[in-house]
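So you can see what is in the structure, the chains are spelled out below.
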Amino acid sequence: GESVGLHLPTLSVQEGDNSIINCAYSNSASDYFIWYKQESGKGPQFIIDIRSNMDKRQGQRVTVLLNKTVKHLSLQIAATQPGDSAVYFCAETPWGGATNKLIFGTGTLLAVQP
Amino acid sequence: DTGVSQDPRHKITKRGQNVTFRCDPISEHNRLYWYRQTLGQGPEFLTYFQNEAQLEKSRLLSDRFSAERPKGSFSTLEIQRTEQGDSAMYLCASSLRRPGQGTGELFFGEGSRLTVL
């Protein structure tokens with residue numbers, strides 16, 4: 001079936017380094033993608049989104065890259081901090097779709113070592 | 001706090017009992033979603049409401065599950081005759097969808113964790 005998945009279930013980085021979390025999607029109808037951060041015991045928190053008419057979008061310390069050719073999405077976190085430790089999910093949905101229903105990937109655990 | 005709130009945060013019940021979760025969305029949001037999340041997995045869509053109308057239900061939502069949003073504000077999710085496989089985090093999210101506009105950001109609550117013994 002159509003799904004969103006992640007290449008790396010766990011990523012360990014040193015504080016101050018840059019982190020890259022990857023995601024593959026398979027639903028060609030999806031044209032809106034979102035990264036969520038989920039800390040232990042909390043609900044997912046919106047980080048950044050991107051529509052398929054863009055290939056790059058930057059936020060504060062975060063950048064999302066979208067490669068539609070290979071259906072790949074990545075989240076880059078600059079100068080990773082201990083507070084960035086969490087599980088990161090990519091999610092997809094059709095922009096303008098009737099439902100707003102998000103399809104989430106499995107998640108990547110980011111562990112920041114001090 | 002004007003975010004999405006869910007109650008209770010934790011519920012432990014015995015198999016066969018009924019449980020009900022409540023979600024209070026962000027006040028001006030017209031869409032409300034229920035998701036289920038098991039350990040190590042991403043949230044899975046269960047159902048959503050546009051105002052008081054329940055517009056879509058996932059195949060995951062068996063007939064033991066029922067959700068309501070009677071006045072287009074808060075919502076309840078009831079699980080009847082709970083089974084151990086129902087143990088999960090039940091997440092509520094809300095969004096504001098304006099006519100002619102695309103997907104709006106979903107704001108999630110902290111979730112209600114259900115443990116069925």
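Parameters and conventions
Residues numbered from 1 in each chain as written. Chains lettered and ligands numbered in written order. Predicted model: local features only at pLDDT ≥ 70, side-chain atom pairs only at ≥ 80, totals over all residues. Heavy atoms only, no water. Phe/Tyr/Trp six-rings, centres within 6.5 Å; stacked < 30°, edge-to-face > 60°. Lys NZ or Arg CZ within 6 Å of the ring centre and 35° of its normal. Core = buried A, V, L, I, M, F, W, Y, C linked by side-chain atoms within 4.5 Å. Buried < 20%, exposed > 50% of the residue type's maximum accessible area, 1.4 Å probe, protein only. Helix = DSSP H or I, 4+ residues; strand = E, 2+ residues; numbered from the N terminus. Contact = heavy atoms within 4.5 Å. Salt bridge = Lys/Arg side-chain N within 4 Å of Asp/Glu carboxyl O. Nonpolar A, V, L, I, M, F, W, Y, C, P; charged D, E, K, R; others polar. Pairing = 2+ DSSP bridges. Axes fitted to C-alpha atoms, helices over the stretch in contact; angles between N-to-C directions. 1 Å grid on protein atoms, 1.4 Å probe; cavity = no way out; pocket = protein on both sides within 12 Å on 5 of 7 lines; lining within 4 Å. Points joined across faces, edges and corners; volume = space filled by probe spheres on them.

**Student:** Could you give an account of the packing of aromatic side chains, naming the residues involved and the relevant values?
**Tutor:** Scanning the model with the defined rule gives 14 aromatic pairs over all chains in all. Relative to Tyr-35 of chain B, the ring of Tyr-33 of chain B has its centre 6.5 Å away and its plane inclined at 35°; by these criteria the two rings are tilted. Through a chain of ring-to-ring contacts, the aromatic side chains of Tyr-36, Phe-46, Phe-89 and Phe-104 of chain A together with Tyr-33, Tyr-35, Phe-45, Tyr-48 and Phe-108 of chain B assemble into a single cluster. Over the face of the ring belonging to Phe-74 of chain B we find Arg-22 of chain B, whose NZ or CZ atom lies 3.9 Å from the ring centre.

**Student:** Tell me about the nonpolar core, residues and numbers included.
**Tutor:** Counting 20 residues, the largest nonpolar core has Ile-21, Trp-35, Leu-73, Leu-75, Tyr-88 and Leu-110 of chain A as its most contacted members. Looking at this core, the elements with two or more residues in it are strand S2 (10-14), strand S3 (19-25), strand S4 (32-38), strand S5 (45-51), strand S7 (62-67), strand S8 (72-77), strand S9 (86-93) and strand S11 (108-113) of chain A. Among the nonpolar cores identified, the runner-up in size contains 19 residues, and Phe-21, Ile-26, Phe-65 and Leu-77 of chain B belong to it.

**Student:** Residues and numbers for the environment of Gly-83 of chain A, please.
**Tutor:** All names here are of chain A. Its place among the elements puts Gly-83 in the loop between S8 and S9. Between the C-alpha atoms of Gly-83 and Gly-43, which are 40 residues apart in sequence, the distance is 16 Å. What Gly-83 contacts, discounting residues up to four positions off in sequence, is Lys-37 and Glu-39.

**Student:** Provide a residue-level description of the pattern of salt bridges, including the pertinent values.
**Tutor:** Evaluation of the coordinates by the stated rule reveals eight salt bridges over all chains. Across the salt bridge formed by Lys-101 of chain A and Glu-56 of chain B, the nearest N and O atoms sit 2.8 Å from each other. Here Lys-101 of chain A, found in the loop between S9 and strand S10 (103-104), pairs with Glu-56 of chain B, found in strand S6 (residues 53-57), and the two come from separate chains. Residue classification places Glu-56 of chain B among the partly exposed residues on the basis of a relative accessible area of 23%.

**Student:** Explain the interface of chain A and chain B to me, and be specific about the residues and the numbers.
**Tutor:** Contact with chain A, which involves 22 residues of that partner, is made by 23 residues of chain B. At the junction of chain A with chain B, the criterion picks out one salt bridge. Among the secondary structure elements, those contributing two or more residues to the side of chain A that touches chain B are S4 and S9 of chain A. The element contributing the most residues to the side of chain A that touches chain B is S4 of chain A, with three residues. Here the side of chain A that touches chain B is built from residues that sort into ten nonpolar, ten polar and two charged.

**Student:** Lay out the sheet that holds strand S1 (residues 5-7) of chain B in plain terms, naming residues and giving numbers.
**Tutor:** Note: strands within a sheet are paired through backbone hydrogen bonds, in either parallel or antiparallel orientation. All names here are of chain B. In space, the four strands of this open sheet follow the order S1-S3-S8-S7, with antiparallel pairing throughout. Strands with a single pairing partner mark the edges of an open sheet, and in this sheet they are S1 and strand S7 (65-68). Along the sheet, successive strands turn relative to each other by an average axial angle of 15°, direction set aside. With three bridges joining them, S1 and strand S3 (residues 19-24) adopt antiparallel strand pairing.

**Student:** Just give me the short version of the layout of surface pockets, but keep the residues and values in it.
**Tutor:** Put simply, the second largest pocket is a space of about 310 Å³. What lines the second largest pocket is a set of 18 residues, and nearest its centre among them are Gln-38 and Val-87 of chain A together with Gln-37, Leu-39 and Gly-40 of chain B. Looking at the lining of the second largest pocket element by element, the count peaks at three residues for S9 of chain A. Looking at the lining of the second largest pocket, its residues break down into six nonpolar, nine polar and three charged.

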